[in-house]
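Read off the chains here:
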Amino acid sequence: LTVNKELENQKYVAENAAIELERYNEQLEQSSRYKSEFLANMSHELRTPLNSMLILSQLLTENRNHTLTEEELGYASVIYNSGSDLLSMINDILDLSKVEAGKMLVEMDAVNLTELPSLLQGYFGKLAEAQNVEFNVTLNPEVPDLFFTDEMRLHQILRNLLSNAFKFTEQGSVTMEITKLAAYSDQSYIAEGPVLAFAVQDTGIGISEENRELIFEAFRQVDGTTARKFGGTGLGLSISQQLAQLLGGHISLESEEGKGSTFTLYLPCRELDSEEEPFHPAEL
Ligand code: ADP
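Quick summary incoming for the structure in this document. Sequence order sets the numbering: in each chain, residues are counted from 1 along the sequence as written. Whole-chain, interface and lining totals are the exception, using all residues; otherwise, since this is a predicted model, local features are given only for residues with pLDDT of at least 70 and side-chain atom pairs are given and counted only at 80 or more. Only heavy atoms go into the side-chain values, all of them from the structure, while hydrogens and water stay out.

1. Focus: the packing of aromatic side chains
Here is the rule we go by: Each aromatic pair joins two rings of Phe, Tyr and Trp (for Trp, the six-membered one) with centres within 6.5 Å, and gets the label stacked for planes under 30 degrees apart, edge-to-face for over 60, and tilted for any other angle. Secondary structure follows DSSP: runs of H or I at least 4 residues long count as helices, runs of E at least 2 residues long count as strands, and numbering of each begins at the N terminus. The classification of residues rests on relative accessible area computed with a 1.4 Å probe and restricted to protein chains. Under 20% of the type maximum is buried, over 50% is exposed, and intermediate values are partly exposed.
One pass over the full model with this rule turns up eight aromatic pairs. On the basis of an interplanar angle of 70° and a centroid distance of 6.2 Å, the ring pair of Phe124 and Phe135 is categorised as edge-to-face. Placement of the pair is Phe124 in helix α3 (residues 116-131) and Phe135 in strand β2 (residues 134-139), with a sequence separation of eleven residues. For Phe124, a relative accessible area of 6% gives the class buried. Residue classification places Phe135 among the buried residues on the basis of a relative accessible area of 8%. Grouping aromatic residues by their ring pairs yields a cluster made of Tyr123, Phe124, Phe135 and Phe166.

Right, here's the structure in full:
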């Protein structure tokens, strides 16, 4: 009889623990939803006044009536540049909350890769010159002219990887090489067919082994102190990794401290004339 009672008792405790756990999980999920909604709403509300500040300060920098002094023009451009930085941080927060809430939509279409090198030179050429860092983008001959992906998101990921590469490289070079591989797998990603690899390599400060995984988490930076040398929010890589996954791919990292880093974006190489079924992102 006592054994039975003891068993009953244990069953009761276990059932209660399971109910508690379920309630706790529901609360966690709800808090996470509230957080994403709050971030999305707040970011949206902040963008509207900020856009007016940007437009008006840009007008001031043009000095159309020739009424502003050199000093005043300097102030106007500080307002414009700080506003632009703030806008890109807000956009990052908005993107992150969308990805985390599963609300980021991807639009797959045929993307022309032949234009990518000149496009990226347009974005980063001046910065490379100003920093005295060599910059090259190579498109290997086996790479198809067209492949299916979301062009805007592809550019967003590459711009993020390249601007990090420039940010953390004081001398030497930043290069991007695009290749097509028949197959690819690593510890965290197995491609189902051929892939395109976009390898962004720099000769910058490099990343220690213990930080190589951490930096893909939101708000993580190797130097997270307020006295840090480089600006930024620590959101770029987290967003880029999640976008890469939404596109069916992955970003991997190889690095050596003091020597440099290579961030490689792998994306499924779905070509126009492919025999495969057309790719539907909803299948992911
Ligand atoms: P942010 O650049 O805004 O800080 P990211 O998520 O893009 O945020 O990067 C997170 C951190 O990863 C950076 O703060 C930096 O410490 C490290 N990092 C990223 N790219 C590089 C790179 N190419 N070389 C060295 N460190 C890097």
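2. Quick notes on a nonpolar patch on the surface
Note the following rule: Patch building starts from residues that exceed 30% relative accessible area and form no salt bridge, then joins like charges within 9 Å and nonpolar side chains (Val, Leu, Ile, Met, Phe, Trp, Tyr) within 5 Å. Only the protein chains shown count as covering a residue, and every accessible area follows the Shrake-Rupley method with a 1.4 Å probe. Salt bridge criterion: a side-chain nitrogen from Lys or Arg within 4 Å of a carboxyl oxygen from Asp or Glu.
Nonpolar side chains collect at one region of the surface, where Leu21, Tyr24 and Leu28 lie side by side and expose about 320 Å² of accessible area between them. Its location among the elements puts Tyr24 in helix α1 (residues 2-62).

3. A word on the nonpolar core
As a reminder, the rule being used: Put simply, a nonpolar core is a bunch of buried Ala, Val, Leu, Ile, Met, Phe, Trp, Tyr and Cys residues held in one set by side-chain atoms that sit within 4.5 Å of each other. Contacts between residues were defined by any pair of non-hydrogen atoms, one from each residue, lying within 4.5 Å.
Ranked by size, the top nonpolar core spans 44 residues in total, and within it Phe135, Met176, Phe198, Phe263 and Leu265 carry the most contacts. Top contributing element to this core by residue count: helix α4 (residues 151-167), with seven residues. Once you skip the residues sitting within four places of it in the chain, Phe263 turns out to touch Leu161, Phe198, Ala199, Val200, Ile207, Ile215, Phe216, Leu237, Ile251, Ser252 and Leu253. The next biggest cluster of nonpolar side chains, apart from the first, holds six residues, and it includes Tyr189, Val195, Ala197 and Tyr266.

4. So, the site of the ligand
We count it as follows: In this text, near means that some heavy atom of the residue lies within 4 Å of the molecule or strand in question. Any pair of nitrogen or oxygen atoms within 3.5 Å is treated as a polar contact; in protein, a donor-acceptor pairing is required on top of that, and neighbouring residues in sequence qualify only through side-chain atoms on both sides. Residue classes follow a fixed rule: Ala, Val, Leu, Ile, Met, Phe, Trp, Tyr, Cys and Pro count as nonpolar, while Asp, Glu, Lys and Arg count as charged, and any other residue, Gly among them, counts as polar.
Around the ligand, the structure places 21 residues, and the nearest of them are Asn164, Asp202, Gln221, Thr233 and Leu237. Note that a nitrogen atom of the ligand is positioned 2.9 Å from one of the side-chain N or O atoms of Asp202. One nitrogen or oxygen atom from the side chain of Gln221 is found 2.6 Å from an oxygen atom belonging to the ligand. Burial of the ligand by the protein chains amounts to 95% of its free accessible area of 530 Å². Counting only elements with at least two residues in the shell around the ligand, the list comes to α4, α5 (236-246) and β9 (260-268). The element best represented in the shell around the ligand is α4, accounting for four residues. Of the residues assigned to the shell around the ligand, the class counts are nine nonpolar, nine polar and three charged.

5. Regarding the pattern of salt bridges
Summed over all chains, the structure comprises five salt bridges. The residue Arg64 makes a salt bridge to Glu62 at a minimum N-O spacing of 2.8 Å. Assessed through its relative accessible area of 59%, Arg64 is described here as exposed. The exposure class assigned to Glu62 is partly exposed, which follows from its relative accessible area of 40%.

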